[in-house]
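Architecture and fold: a report
Given next are the chains, with one letter for each unit.
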Amino acid sequence: MRSDSLVNGDSFRAPPLFKIATLVFVSVTFFYFGKHWSDGYQQLIFFQSTSQAPTVSLSPNYDKHFNISTLIQQNDTETLPDKTLNLDPTPSPLLAPNPPPPSDSVQRFGIVDENGTMSDQFEVGDLDPEYVENRGNSTEVDNGKGGSRSFRIKKFALCPQNMSEYIPCLDNVDAISKLKSVEKGEKFERHCPVTGGGFNCLIPPPKGYQTPIPWPRSRDQVWFSNVPHTRLVEDKGGQNWITRDKDKFKFPGGGTQFIHGADEYLDHISKMIPDIAFGHHTRVVLDIGCGVASFGAYLLSRNVITMSIAPKDVHENQIQFALERGVPAMVAAFATHRLLYPSQAFDLIHCSRCRINWTRDDGILLLELNRMLRAGGYFAWAAQPVYKHEEVLEEQWEEMLNLTTRLCWEFVKKDGYIAIWRKPLNNSCYLNRQAETKPPLCDQDDDPDRVWNVDLKTCISRLPEDGYGANVTVWPERLHTPPGRLQTIQYDAYISRNELFKAESKYWNEIIDSYVRAFHWKTFRLRNVMDMRAGFGGFAAALIDLKLDCWVLNVVPVSGPNTLPVIYDRGLIGVMHDWCEPFDTYPRTYDLLHSAGLFSVERKRCNISTIMLEMDRILRPGGRVYIRDSVAVMDELQGIGKAMGWHVNVRDTSEGPHASYKIMMADKLLTRA
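Residues numbered from 1 in each chain as written. Predicted model: local features only at pLDDT ≥ 70, side-chain atom pairs only at ≥ 80, totals over all residues. Heavy atoms only, no water.

Our focus in this paragraph is the overall build of the protein chain. Along the protein chain, the regular secondary structure elements total 19 helices and 19 strands. Out of the 673 residues belonging to the protein chain, those deemed buried represent 52%. Within the protein chain, contacts between residues at least 6 apart in sequence are counted, and of these 68% link residues at least 24 apart. Working note: accessible area of the protein chain is about 32,400 Å², and carbon and sulfur atoms make up 52% of it. (Helix = DSSP H or I, 4+ residues; strand = E, 2+ residues; numbered from the N terminus. Buried < 20%, exposed > 50% of the residue type's maximum accessible area, 1.4 Å probe, protein only. Contact = heavy atoms within 4.5 Å. Areas by Shrake-Rupley, 256 points an atom, 1.4 Å probe, with all protein chains shown as cover.)

Moving on, we get to the nonpolar core. Across soluble globular proteins, you tend to see nonpolar side chains buried next to one another. If you look at the biggest cluster of nonpolar residues, it comprises 154 residues, and the most contacted ones within it are Tyr341, Trp358, Phe379, Trp521, Leu553 and Met612. Counting residues per element, this core draws most heavily on helix α14 (residues 497–519), at eight residues. Three or more residues apiece are contributed to this core by two domains, here domain 1 (260–471) and domain 2 (473–672). Residues in contact with Phe379, not counting those within four places in the same chain, are Leu348, Ile349, Cys351, Trp358, Leu366, Leu369, Leu373, Met400, Trp409, Ala419, Ile420 and Trp421. (Core = buried A, V, L, I, M, F, W, Y, C linked by side-chain atoms within 4.5 Å. Domains from an automatic or database assignment.)

Per the stated rule, a full pass over the model turns up six disulfides. Disulfide pairing places Cys159 opposite Cys201 at an S-S distance of 1.9 Å. With the S-S dihedral at roughly 105°, the linkage between Cys159 and Cys201 falls on the right-handed side. One end of the pair, Cys159, is in the loop between β2 (150–153) and α5 (173–177); the other, Cys201, is in the loop between α5 and β3 (221–223), and 42 residues separate them in sequence. At a sulfur-sulfur separation of 2.2 Å, the disulfide partner of Cys580 is Cys606. In this structure the cystine formed by Cys580 and Cys606 twists about its S-S bond by roughly -80°; its chirality is therefore left-handed. Here Cys580 is found in the loop between β15 (573–577) and β16 (590–596), whereas its partner Cys606 is found in the loop between α17 (598–602) and α18 (608–618), with 26 residues between them in sequence. The disulfide pattern of the protein chain is 1-4, 2-3, 5-6, 7-8, 9-10, 11-12 when the bonded cysteines are numbered in sequence order. (Disulfide = S-S within 2.5 Å.)

What follows concerns the environment of Gln344. For Gln344, the location among the structural elements is in the loop between β8 (329–331) and β9 (346–352). Between the alpha carbons of Gln344 and Ala375 there is a distance of 6.5 Å; along the sequence they are 31 residues apart. If we ignore the near neighbours within four places in the chain, the residues touching Gln344 are Arg371, Met372, Leu373, Arg374, Ala375, Leu463, Pro464, Tyr468, Gly469, Ala470, Arg485 and Asp569. Polar side-chain contacts of Gln344 include one of 3.1 Å to the backbone oxygen of Tyr468. (Polar contact = N/O pair within 3.5 Å; in protein donor to acceptor, adjacent residues only side chain to side chain.)

Hydrogen bonds along the backbone pair up the strands of a sheet, which may run parallel or antiparallel. Taken together, the seven strands give an open sheet; going across it, the order is β15-β14-β13-β16-β17-β19-β18, and neighbouring strands pair in mixed fashion. Two strands bound the open sheet, and with one partner strand each, they are β15 and β18 (647–652). Going across the sheet, the axis of each strand differs from the next one's by a mean of 20°, ignoring polarity. In terms of strand pairing, strand β13 (residues 528–531) meets strand β14 (residues 551–557) through four bridges, oriented parallel. (Pairing = 2+ DSSP bridges. Axes fitted to C-alpha atoms, helices over the stretch in contact; angles between N-to-C directions.)

All right, on to the pattern of salt bridges then. Overall, the coordinates contain 27 salt bridges when judged by the stated rule. Taking the shortest distance from any N to any O, the salt bridge between Asp513 and Arg517 comes out at 3.3 Å. With Asp513 and Arg517 both in helix α14, this residue pair falls four residues apart, about one helical turn. For Asp513, a relative accessible area of 30% translates into the label partly exposed. In this structure, Arg605 and Asp578 form a salt bridge, with 3.1 Å as the shortest nitrogen-oxygen distance. Of this pair, Arg605 sits in the loop between α17 and α18 while Asp578 sits in the loop between β15 and β16; the two residues are 27 residues apart in sequence, bridging distant segments of the chain. We classify Arg605 as partly exposed; its relative accessible area is 39%. A relative accessible area of 9% places Asp578 in the buried class. Linked through salt bridges whose partners overlap, the residues forming this network are Asp347, Arg374, Arg478, Arg485 and Asp569. (Salt bridge = Lys/Arg side-chain N within 4 Å of Asp/Glu carboxyl O.)

Turning next to a negative patch on the surface. Together, Glu390, Glu391, Glu394, Glu395, Glu398 and Glu399 make up a region of like negative charge exposed at the surface. The partly exposed category is assigned to Glu390, whose relative accessible area is 43%. (Patch = residues over 30% accessible without salt bridge, like charges linked within 9 Å, V, L, I, M, F, W, Y side chains within 5 Å. Lys, Arg positive; Asp, Glu negative; His and termini not counted. Charge placed at Lys NZ, Arg CZ, Asp CG, Glu CD.)

This paragraph deals with the pairing of strand β7 (residues 305–310). Buried residues dominate β7, accounting for six of its six residues. As paired strands, strand β6 (residues 284–288) and β7 are joined by five bridges and run parallel to one another. Bridging across to β7, Val284 finds its partner in Ile305. What joins β6 to β7 is helix α8 (residues 294–299), and the crossover it makes is right-handed. As judged from the three bridges shared by β7 and β8, these two strands associate in the parallel manner. What sits directly across from Ala310, in β8, is Val331. (Right-handed = clockwise from strand over helix to strand, strands pointing away.)

Further remarks concern the sheet that holds strand β5 (residues 248–250). Ordered in space as β3-β5-β4, the three strands form an open sheet in which the pairing is antiparallel. Unpaired on one side and paired on the other, β3 and β4 (243–245) mark the two borders of the sheet. Strand-to-strand, the axes of this sheet are offset by a mean angle of 30°, without reference to chain direction. With three bridges connecting them, β4 and β5 associate as antiparallel partners.

Encoded structure:
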């Protein structure tokens with residue numbers, strides 16, 4: 001009977017006390033034999049007594065002494081070749097990089113309230129008197145013995161008040177005074193200080209500086225105290241550009257050639273040439289001699305982004321007014337060098353009384369415009385030679401017609417103040433011109449996308465034989481359509497470029513989406529944004545996808561591949577720049593500066609502190625910086641940021657505390673002398 005019960009499994013229904021007692025007995029027995037074995041017999045490793053000599057194999061480094069600091073330094077400074085296909089040294093685009101949630105303790109700084117959102121009612125920060133008194137200058141790097149890298153950072157002093165609108169490469173009086181000639185506008189071009197000769201202090205705001213009026217109200221009015229210049233009011237007051245009303249400047253939306261308003265003027269162009277189709281066929285525009293940029297400001301509501309440019313000339317601070325309004329703009333001049341935009345960048349180029357002699361020097365300036373105009377794109381010229389019947393002006397009109405004919409432009413229409421031409425779609429017309437016709441086609445080896453410190457040329461930039469540049473899709477589809485020119489840029493990856501393009505967009509969409517959720521970007525006062533290392537423009541595209549009401553200037557550093565043609569083909573704007581030199585914009589013109597992997601690259605070429613000081617110069621008080629970069633540079637960036645008076649916060653990426661990259665967020669506070 002007992003054996004039957006065992007077979008049937010009755011033993012598993014024994015009382016619990018019996019099962020517990022059996023388990024305890026078995027455990028004690030194993031422990032006794034294990035300990036007994038380790039004390040007198042062949043040792044079990046997991047019971048090995050520390051008092052006995054070890055019987056396992058020893059490391060070949062046993063009992064050797066090493067200089068740990070030296071080993072760490074050697075490992076830190078050794079550079080391995082980067083064999084990845086990523087656009088920047090960030091985690092794989094295919095991962096979902098959600099940043100950690102904000103810390104529980106939230107302290108209010110600048111214009112961010114206790115919920116992490118922006119407030120319309122805020123003071124741009126308080127001045128810490130002790131901070132100003134204790135300021136010194138700059139970053140000092142000490143290599144020390146054995147090559148170990150360390151740095152000491154003193155607090156930066158404030159610059160003199162007369163530097164409140166300082167643009168280093170355009171206000172270099174010494175260099176400009178030594179120019180052999182200024183007749184072609186050389187004084188309006190870049191003349192940067194020599195290495196070590198730039199500013200080494202914090203650019204102060206003008207007296208009475210206030211929090212900028214938020215977009216979209218800023219389109220129509222800005223604080224007088226932020227741009228305290230009245231010459232434009234005096235010179236252009238009767239042309240409906242700008243007026244002063246007590247403590248504000250107001251912008252009625254007019255211009256020299258469209259005193260009845262930019263909207264009516266744009267409607268006029270649309271009726272003249274329906275194929276222009278703003279916001280569909282025409283997405284990216286260049287406005288030359290933009291004034292206060294009302295032309296570009298009113299195109300924004302038609303899904304058109306305009307790069308508004310003007311020189312820093314006698315009409316004081318045109319570009320500063322534009323950026324204060326929240327409209328894309330840069331200081332630039334047609335003179336002796338190529339502008340810093342790629343070939344076939346703009347669907348439409350507009351010049352309304354821009355005071356440029358397009359036919360001088362065999363048409364060299366119009367040839368530069370032709371280089372930047374997209375195949376099949378339009379040039380709209382509103383100037384006195386178009387509509388006035390005076391002998392000198394009529395001669396200028398005939399010269400313009402002759403030159404544009406030799407450039408193979410199609411004269412489309414003249415109506416009222418405006419004349420419009422169209423650029424050809426291919427090279428066939430150029431090749432069929434009579435022999436010796438000037439200007440000639442450029443040499444086959446001329447790269448029309450090479451723009452950094454390149455002289456203007458009196459030749460016609462060739463169009464790609466495969467139609468690249470002319471074959472972009474319409475907006476908004478072009479934002480996420482890999483363009484044909486993606487295959488032509490000099491880039492490490494020779495295959496799967498379309499996949500890289502899409503992966504970058506997916507990567508930044510996920511990151512910006514996490515920023516929107518974690519840091520309340522939907523309520524962040526975000527208008528003027530700069531991506532300092534733009535890649536294919538995925539960061540800017542993500543802001544559009546997530547419907548953040550801002551615009552992005554995509555900067556492509558000269559130290560990396562020239563991806564600018566791709567950025568423009570997808571309907572975005574950007575510029576080439578060397579971050580070892582200052583940027584051509586006024587102080588306090590951007591709300592957000594974003595940088596991914598920039599400092600890891602540029603620290604091999606120039607001092608990090610010079611780039612950080614330039615960031616502080618162009619960042620608005622109350623503005624914010626997001627830096628995603630290597631752990632190797634993060635301590636130095638954090639130290640410099642604190643020395644400039646930023647409120648700095650370093651966070652881990654979604655990969656955790658042991659990842660090789662971190663995120664530094666910083667808010668700039670208002671400081672006064």
